[in-house]
Structure formats: structure tokens, C-alpha cells
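Chain by chain, the residues run as shown.
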Amino acid sequence: MHLISPVLRDYAWGTHDDIPRMLEVEPTGGPVAEAWWGAHDSGPSQADMDGALCALDEAIAREPESMLGARAVKRWGDRLPYLLKVLSIGKPLSIQVHPTLAQAREGFAREQRGTGGAPHHFLDPFHKPEMVVAITRMEVLSGVRPIEATASDLRALKTGRALGLASSLENSGDVRDFIRGALSGGVDQETLEALARLGANADPSSSLAAAARALRHFPGDAGAIVALGMHAVRLEPGDAVFVGAGVLHSYQSGMGLEIMANSDNVVRAGLTPKTVNVPLLLDLLNPEACDPVGPQVRFDGAARHLITPADEFALTIINDGRVNVAAGPRIVLCVRGECHLVAGGRELTLTHGQAAFVRDSLGQLELSVDGGAVVARTPYETERPVTHAG
């Protein structure tokens, strides 16, 4: 068992104090948007390897079967397949999609062959399915709404540009035409002002209200109109949503625990100061209307296991109790209180905000939790991926 430290990310959308308070460290004075625990090559955790600090990806590369287990090595090589994060969202994240594995491999290879200093959108050859679990109440946009619902909101704005977007969407039946039109001059100031007025008085849980809130953070950004094309989801603490490849989404506010495949591939198209690529997003986007997807949930004593269609990760949440977790590469994060770990004859106690990597070769892990903890892990062989909310 190895204590690991998080990598902090200072993205502009983050809050200043929430993650430092959770980790019991001093605020930096700037935004702290994400804390990462894992072995992504752009920001691996530092691991305590018997008193010597080492990047977790390097430690895994030296002893892949001991750290990950033979089954994981056969599937993913010496790469930890998942990445665990905490997000603290002060203003909306970009409108975005993630590629499929095939798209990521092809796009990464293409960009590696390219020249001329063009920005890279594929940072690695891996896909990025992800699940977020609310720590506080979260507001999330996820999945394409039915065409008639989006068109109805556009018509309610009663501006020439909005009515034109609604007609185009209804005539083509393809949300990509709506997004392309909105982000290529199809939105004017009159339409954004109408969204602000109408959204301020709309049902707070509606896509109309969510789009207006996004506009307040990004004045003049046509991405706020694109937000009308997504489902608005309110997650209460403990609720979760899964985002697969091609799913249009944007996390809007709140704190969440996120687990994903070990990748940083994101393609953006609005509500961000970062590089956008609308044509690429439209190529990767699944345009079919789809409801937000939740994980399959299985209860086992004090444990709640969250399973998704992704075979890289599963998440076990424990509140006040004793739980056994099977062998595999595991990251344990103590969210509150205290967590005592026993595996392979070794013991370790984590306190609020601390995390540890538990290698496969230590076998079954016994946890005693007085408070709350989460275990990031690979799915068990008996856990079958699901394709719909559990």
C-alpha cells in the first residue's frame, strides 16, 4: 500500500477553496478546479514507495504485474486504466464530447504525423468514458434533447435568428445542423438577450434556465444557445451520471467525484476560453436524442458499487462500515473521517483527504470506514457492463 498525492489543476472554471478544504491544504489564492489521483503521463500522482517518492506511472512500469495484476496487464499493458478526480466547478465547463477508442487512435496518429504547429486535439490514443458522482448538488447538461423540445425553446425566444435555428433544426432533423448554425454566426445579441430574460423566469431545473445561467458566465457566447440542445440534470449528493463517447455534455456547477478511462481527450465547442474545434466536435458527436445515463448500482452491506459500460473502471462508495474489495489495482480516497486498510499483512490508516494505491499482489483489501471513502478499481469479472441507467 502506497500513499499517493493528488495533482491539482488550476483551470479558470474552478472554485478557490473547496478542494483545498477537502484536502486540508492551504488555498493557492487562485482557482483549484480538479484534483487527480492516478497515473496519467501529463500529471501522475507521487507515490510513497517505502519512503522514496516516485511518480505512480513509473512505479507501475517497473512492476506492472505486481501493481496492476496479470489480467489488467494483459488488457492494458503497464497503464493504469482509470483516473480518479474531484471537480469543483465555479462556472460551466465547455460544451464537449469525447472520442471512441478507434477515433482517438486514428486522430492521435494523424496529429502525430502532422506538421506546422497546429493545435493537437487528441492528446493520447485512448478514449475517455467517464462517470461523475455528486458530492454537493451538481447541475449538469448531458445528452441531446429531442428535436421538438429544443425547437420549442428556440421559438419561445421569438427572435428572427432563434426562429431560423428552430426551422432549420425541424427541417433537417439533425442537431448537428443546429449546432453548426448557432456557432457560425446564427446567434445575435438580440437572441442572447432574449435567452437571458426568458431563462431568468424559467423553471430552474429546465434547459432554458441552465442555458441562461451559462450565458451569465460567458456573455456573448453562442454556446449558451447550444446548451438548449442538451438535457439539464440536477444531481443530489450521491447521484451519478455516465458519459460515453460522442455524448454532448457540459458540467455546470457543484462538486463531484469523477472516474474515467485514463485519458485527457476532450474536443470543445463553446463556453470556454480554450481551443475549440466545431467541425471535429460535430464529427465525433452522436446526434441521436438520448436521455442521461446512470450507472448500474449494486448494494453490498456498507458498500455501494457503481458499474458502467466502461470496462476500465468501477467505483465503490463506503459509508460507516467494513467492506472487502477483491484484488486488482485500487485507489482508496478517504472523503471524510477515517479509513483503515488491511491487505497482504500490511495496514494503513487514511484520514480526511488522504489517498493510497493498493497493488494487486496484496490480494483482498479489508476496509474499516468511520466516515466516508471511495475505492476506484477495475470491474470484477462478474460485473457486466450495462447500456442504460440502473
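Up top is the structure these notes are about.
Summary of the structure given here. The residue numbers shown here count from 1 along each chain, following its written sequence. Residue-level local features of this predicted model are given only where pLDDT is at least 70; pairs of side-chain atoms are given and counted only at 80 or more, and the full residue set underlies all totals for whole chains, interfaces and linings. To obtain the side-chain values, all non-hydrogen atoms of the structure were used and water was disregarded.

This part covers the pairing of strand E15 (residues 303-307). Of all five residues making up E15, five are buried, and the element is well covered by its neighbours. Side chains Ala303, His305 and Ile307 project from E15 onto one buried face, and the interleaved Arg304 and Leu306 project onto a second face that is buried too. Inspection of the sheet shows strand E14 (residues 296-300) paired to E15 by five bridges, in the antiparallel sense. Bridge pairing in E15 links valine 297 to leucine 306. A pair of strands counts as paired when DSSP detects no fewer than two bridges linking them. To qualify as a helix, a DSSP run of H or I must reach at least 4 residues; to qualify as a strand, a run of E must reach at least 2; elements of each kind are numbered from the N terminus. Linkage of E14 to E15, two consecutive antiparallel strands, is achieved through a turn of two residues, within which glycine 301 is found at a positive phi near 65 degrees. Of the strand pairs in this sheet, E15 and strand E16 (residues 314-325) are connected by four bridges, and their pairing is antiparallel. Bridged to histidine 305 within E16 is threonine 316. What sits between E15 and E16 in their antiparallel hairpin is a turn of six residues. Only protein chains enter the accessibility calculation, which uses a 1.4 Å probe. A residue is then buried if its area is under 20% of the maximum for its type, exposed if over 50%, and partly exposed in between.

Here a cavity denotes grid points, spaced 1 Å and computed from the protein atoms alone, that fit a 1.4 Å probe unable to get out, and a pocket denotes an open set having protein on both sides within 12 Å along at least 5 of 7 lines; residues with an atom within 4 Å of a point are the lining. Grid points are joined across faces, edges and corners, and a volume is the space filled by probe spheres set on the points. Here the largest pocket defines a volume of roughly 490 Å³. The element best represented in the lining of the largest pocket is strand E12 (residues 249-261), accounting for three residues. Residues are sorted three ways: Asp, Glu, Lys and Arg are charged, Ala, Val, Leu, Ile, Met, Phe, Trp, Tyr, Cys and Pro are nonpolar, and all the rest, Gly among them, are polar. Looking at the lining of the largest pocket residue by residue, the class counts come to 13 nonpolar, six polar and nine charged. What the second largest pocket holds in volume is close to 330 Å³. Residue lining of the second largest pocket: 20 residues in total, with Ala134, Ile135, Val335, Arg336 and Val374 positioned closest to the centre. Listed by contribution, the elements that provide at least two residues to the lining of the second largest pocket are helix H1 (18-23), strand E8 (130-134), E12, E16, strand E17 (330-343) and strand E20 (365-377).

Nothing here speaks to function; it is all geometry.
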